[in-house]
Amino acid sequence: MTDSPRRIGILTGGGDCPGLNAVIRAVTKDAIYNGIEVIGIEDGFLGLIEERLRPLTYPDVSDILTTGGTILGSSNKANPARFATGTDASGRPIFEDVSPRCLEVAKSAGLEALVVVGGDGTMMCAQPFVAAGLSCIGVPKTIDNDIVGTELSFGFLTASHVATEALDRVHTTADSHGRVLVVEVMGRNAGWIALHSGVAGGADVILLPEIPFDMDAVCEKIARRRARGKRSTVICAAEGARPKDGTQIVRTVDPSSPDPIKLGGIAAFVAAEVEARTDVEARHVVLGHTQRGGSPVPADRVVATMFGDGAIELVKAGKRNRMVAMQAGRLTDIAIEESMGGQRLVALDHPLIAAARSVYTSFGDE
Ligand code: F6P
């Protein structure tokens, strides 16, 4: 006899990404098959705060493997331990700890465990529940691929695919006009999307948050290419990239969000600098949320299904407060706390950086 829960909740928190529905499907079907009831919580932790829960049945999760978004909805503002309940006289948000109420809601719904599908912010939001004794099973989600303890989060492969397609497309138009084309990709403080799509999309320059760049080096690369008869240069810039003597460019700050800093603007900056420093025309494009929308690529569907099954295996085994993870290409699990609060950045000695340099890709640093 194990003390396997008979009723669990599932929520998707933080920014959405392709593959969320594939995880919801895998968790729900697998749970139902094993006699475990699944209660869907709407809009991440907001659904617990506002008591918006509904049972998930087999038909609810049929035909959603390939669909983007999340049938449960998501919120990247609802941190129960620090929930904005209003504003003070000067318009600043007032925060309250509403986690005791959320625990009550979970208890009265009969939830014996919570499957928490999200990134580091969502895992952090789960902390009060872990501390109060409600087991949380994490499933790592983010296009940024920056969750500590797992080498892969679902959504990343689709985002990299979208970015690669965009890079493929700008090559030809850049060539036609002899321009520099700067493509800005997401990733927050991690350069995984830029590195993978930059290599796959044959970017001539890749700018990563982990390697501060020198505009002189970028312009020298453009000049060297032109001297070799290459009319165009394609630059893949991570939104978190920054010049050696500068800072990251912040698009907006949202104090009510657990992740208040929203980056953006580096591609426009680099394009403007190129035009100011050279006689080459430059254009930029910001891929933004196109990287988060739409159908997951097959590899993400596979990873999402493996993660969903892995989560139910942990539930069935009565394991508590674990997060499924991919390590050395194999499914495993780690303590959920291990994933909280940190960011898995690209290591400077990552083999893909060396491989990119070996095909003369510049990181704007030499
Ligand atoms: O964490 C996922 C992500 O898409 C980041 O790459 C990006 O910086 C951020 O979310 C954008 O957040 P929002 O959707 O709140 O603008």
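What counts as what
- Residues numbered from 1 in each chain as written.
- Predicted model: local features only at pLDDT ≥ 70, side-chain atom pairs only at ≥ 80, totals over all residues.
- Heavy atoms only, no water.
- Helix = DSSP H or I, 4+ residues; strand = E, 2+ residues; numbered from the N terminus.
- Buried < 20%, exposed > 50% of the residue type's maximum accessible area, 1.4 Å probe, protein only.
- Contact = heavy atoms within 4.5 Å.
- Lys, Arg positive; Asp, Glu negative; His and termini not counted.
- Charge placed at Lys NZ, Arg CZ, Asp CG, Glu CD.
- Core = buried A, V, L, I, M, F, W, Y, C linked by side-chain atoms within 4.5 Å.
- Axes fitted to C-alpha atoms, helices over the stretch in contact; angles between N-to-C directions.
- Parallel < 35°, antiparallel > 145°, perpendicular 65-115°, else oblique.
- Left-handed = near helix turned anticlockwise from the far one by under 90°.
- Nonpolar A, V, L, I, M, F, W, Y, C, P; charged D, E, K, R; others polar.
- Domains from an automatic or database assignment.
- Buried area = accessible area lost by both parts, 1.4 Å probe.
- Salt bridge = Lys/Arg side-chain N within 4 Å of Asp/Glu carboxyl O.
- Near = heavy atom within 4 Å.
- Areas by Shrake-Rupley, 256 points an atom, 1.4 Å probe, with all protein chains shown as cover.
- Patch = residues over 30% accessible without salt bridge, like charges linked within 9 Å, V, L, I, M, F, W, Y side chains within 5 Å.
- Pairing = 2+ DSSP bridges.

J.: Could you give me a rundown of the overall build of the protein chain, with the residues and numbers involved?
T.: The secondary structure content of the protein chain amounts to eleven helices and 15 strands. With the C-alpha coordinates of the protein chain rotated into their principal frame, the extents come out at 70 × 50 × 35 Å. In the protein chain, which comprises 366 residues, the proportion classed as buried is 53%. Counting contacts in the protein chain only where the partners sit at least 6 residues apart, residues at least 24 apart contribute 71% of the total. Taken together, the 37 basic and 45 acidic charged side chains of the protein chain have centroids lying 3 Å from each other.

J.: Go over the nonpolar core, please, and point to the residues and values.
T.: Of all hydrophobic cores here, the largest spans 61 residues; its most connected members are I8, I10, V115, V139 and F154. If you look at the next biggest cluster of nonpolar residues, it comprises 30 residues, including A78, V116, M123 and C125.

J.: Outline the packing of helix α8 (residues 215-227) against helix α9 (residues 266-277), supporting the account with residue identities and numerical values.
T.: For any two helices packed against each other, one specifies the crossing angle of their axes together with the interaxial distance. Two numbers describe how α8 lies on α9: the axes approach to 10 Å, and their chain directions differ by 65°. Looking at the two axes, α8 sits roughly perpendicular to α9. Considering only the axes of α8 and α9, their crossing is right-handed. Residues M215, D216, C219 and I222 of α8 pack against V270, E273, V274 and R277 of α9. Classifying every residue of the contact of α8 with α9 by side-chain character gives five nonpolar, no polar and three charged.

J.: Break down the domain arrangement of the protein chain for me, citing the residues and quoting the values.
T.: Domain boundaries in the protein chain define domain 1 (7-154 + 295-339) and domain 2 (158-293 + 347-358). Put simply, the middle of domain 1 and the middle of domain 2, counted by C-alpha atoms, are 32 Å apart. The partner domain 2 presents 18 residues to the 20 residues of domain 1 that form the contact. Summed over both partners, the interface of domain 1 with domain 2 buries about 1600 Å², with 52% contributed by carbon and sulfur atoms. Considering only the side of domain 1, the residues that lose the most area to domain 2 are K77, I143 and D144, jointly responsible for 34% of the buried surface there. The interface formed by domain 1 and domain 2 contains five salt bridges.

J.: Could you give an account of the site of the ligand, naming the residues involved and the relevant values?
T.: Taken together, N76, I143, D144, M186, G187, R188, E239, R251, K262, H289 and R292 make up the full set of residues near the ligand. The protein chains hide 85% of the 400 Å² of surface that the ligand would expose on its own. A per-class count over the shell around the ligand returns two nonpolar, three polar and six charged. Each of domain 1 (7-154 + 295-339) and domain 2 (158-293 + 347-358) accounts for three or more of the residues forming the shell around the ligand.

J.: Let's hear about a nonpolar patch on the surface: which residues, and what values?
T.: Judged by side-chain polarity, V250, V253 and I261 come together as a nonpolar surface patch covering roughly 230 Å² of accessible area. One can find V253 in strand β11 (residues 250-253).

J.: Which residues make up the sheet that holds strand β9 (residues 205-207), and what values do they have?
T.: Strand order in the open sheet formed by four strands is β9-β10-β8-β13, with parallel pairing between adjacent strands. Among the strands making up the open sheet, the edge pair consists of β9 and β13 (282-286). Neighbour-to-neighbour, the strand axes of this sheet turn through a mean angle of 15°, independent of strand direction. Where β9 meets strand β10 (residues 233-238), three bridges bridge the pair, whose relative direction is parallel. Bridging from a neighbouring strand, L207 pairs with A237 of β10. Across the sheet, helix α7 (residues 192-200) is in contact with β8 (180-185), β9 and β10; its angle to β9 comes to roughly 170°.

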